[in-house]
Every structure is written in C-alpha cells, then in structure tokens.
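Working through the structure, step by step
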Amino acid sequence: MNPRHLIIAENNSESYVIEHSISLDVKKQLIINSLAEIVVGENAHVSFYKIQSENQNSSQLHNTFSTQGKKSVFDTCTVTIGSDWVRNNLEIAHYGESCETH
C-alpha cells in the first residue's frame, strides 16, 4: 500500500488531523509505504496525530514532511501499536522566523 496525504493549512488557520491506519486481516502480510506532506502557512497552527494499529504481519515505512511559514506552529505525535517493523521519518523545514515545532 502507498497512501499519500497532502494537508495545506493556509495563513492564519488552525487544524487538527488524525491519521489512523489499521490492518484487519491478520493472515495477510502487508508493507505500508505512506507519505504525509503538510504545509503550514504564516500564523497557522497544525496538530498532526498518527496512530498505527497494525497486525504482526505488517511492516511500515512512514514519511512526514512539513514546511512552516512565519510564526507558525506544527505539533506532531505518533503512537504505534503492533507491526512487525516500523520506521517513521520526520523532516521539517522552517521558512520564516519564530516557527515552533513540538
């Protein structure tokens, strides 16, 4: 599986995003290669939560890329339950002063 999410928070906006992945068939082997691209505009605030609830036959590679404008806030949290192996990559680019990442 190769899911891709593009989230664009325009200037002065606020958003909360929850990504929840679940594998229900415990007999199938899965490889999940997912991508989340998050653009945070000036003075915007994005909270991005990722919940990974996979079975023991699932393997995950997840990439999160975020770009931040001036005076923006990007919060992120990942909770992983299960899976054979998991790799989460996080890359954040700041384009402006006073950016916050939590």
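Calculation criteria
Residues numbered from 1 in each chain as written. Predicted model: local features only at pLDDT ≥ 70, side-chain atom pairs only at ≥ 80, totals over all residues. Heavy atoms only, no water. Helix = DSSP H or I, 4+ residues; strand = E, 2+ residues; numbered from the N terminus. Buried < 20%, exposed > 50% of the residue type's maximum accessible area, 1.4 Å probe, protein only. Areas by Shrake-Rupley, 256 points an atom, 1.4 Å probe, with all protein chains shown as cover. Lys, Arg positive; Asp, Glu negative; His and termini not counted. Charge placed at Lys NZ, Arg CZ, Asp CG, Glu CD. Pairing = 2+ DSSP bridges. Axes fitted to C-alpha atoms, helices over the stretch in contact; angles between N-to-C directions. Salt bridge = Lys/Arg side-chain N within 4 Å of Asp/Glu carboxyl O. Contact = heavy atoms within 4.5 Å.

For the protein chain, the count of helices and strands is zero helices and eight strands. Order of helices (α) and strands (β) in the protein chain, N terminus to C terminus: β-β-β-β-β-β-β-β. With respect to the three principal axes, the spread of C-alpha positions in the protein chain is 50 × 20 × 20 Å. Counting over 102 residues, the protein chain shows a buried share of 34%. For the protein chain, the accessible surface area stands at approximately 6,200 Å², while carbon and sulfur atoms represent 52% of it. Computing the positive centroid from 7 side-chain charges and the negative centroid from 12, the protein chain places the two 6 Å apart.

Two orientations exist for strands paired in a sheet by backbone hydrogen bonds: parallel and antiparallel. Strand order across the open sheet formed by four strands is 1-3-5-7, with parallel pairing between neighbours. Sheet topology places strand 1 (4-9) and strand 7 (85-94) at the edges, where each strand pairs with a single neighbour. Strand after strand, the sheet turns through a mean of 10° between neighbouring axes, direction not considered.

You will see that N12, though not glycine, has its phi angle at about 65°, which is positive. You can see N12 is positioned in the loop between strand 1 and strand 2 (14-22).

Right, let's talk about the side chain of K50 for a bit. As for its position among the elements, K50 is in strand 4 (residues 45-54). It turns out K50 is buried and unbridged, and the closest side chain with the opposite charge, E19, is 6.0 Å from it. K50 has contacts with E19, H62, T64, C77, T78, V79 and N88, leaving out every residue within four places of it along the chain.

A few words on the pattern of salt bridges. Close approach of charged atoms allows side chains of opposite charge to pair. Under the counting rule described, the total for this entry stands at one salt bridge. Across the pair E37 and R4 runs a salt bridge whose closest N-O atoms are separated by 2.4 Å. With E37 in strand 3 (residues 30-40) and R4 in strand 1, this residue pair connects regions lying 33 residues apart in the sequence.

What follows concerns the pairing of strand 5 (residues 58-68). In terms of burial, strand 5 is a largely internal element, eight of the eleven residues being buried. Looking at chain direction, strand 5 and strand 7 are connected through ten bridges and run parallel. Counterpart to Q68 in the pairing with strand 7 is H94.

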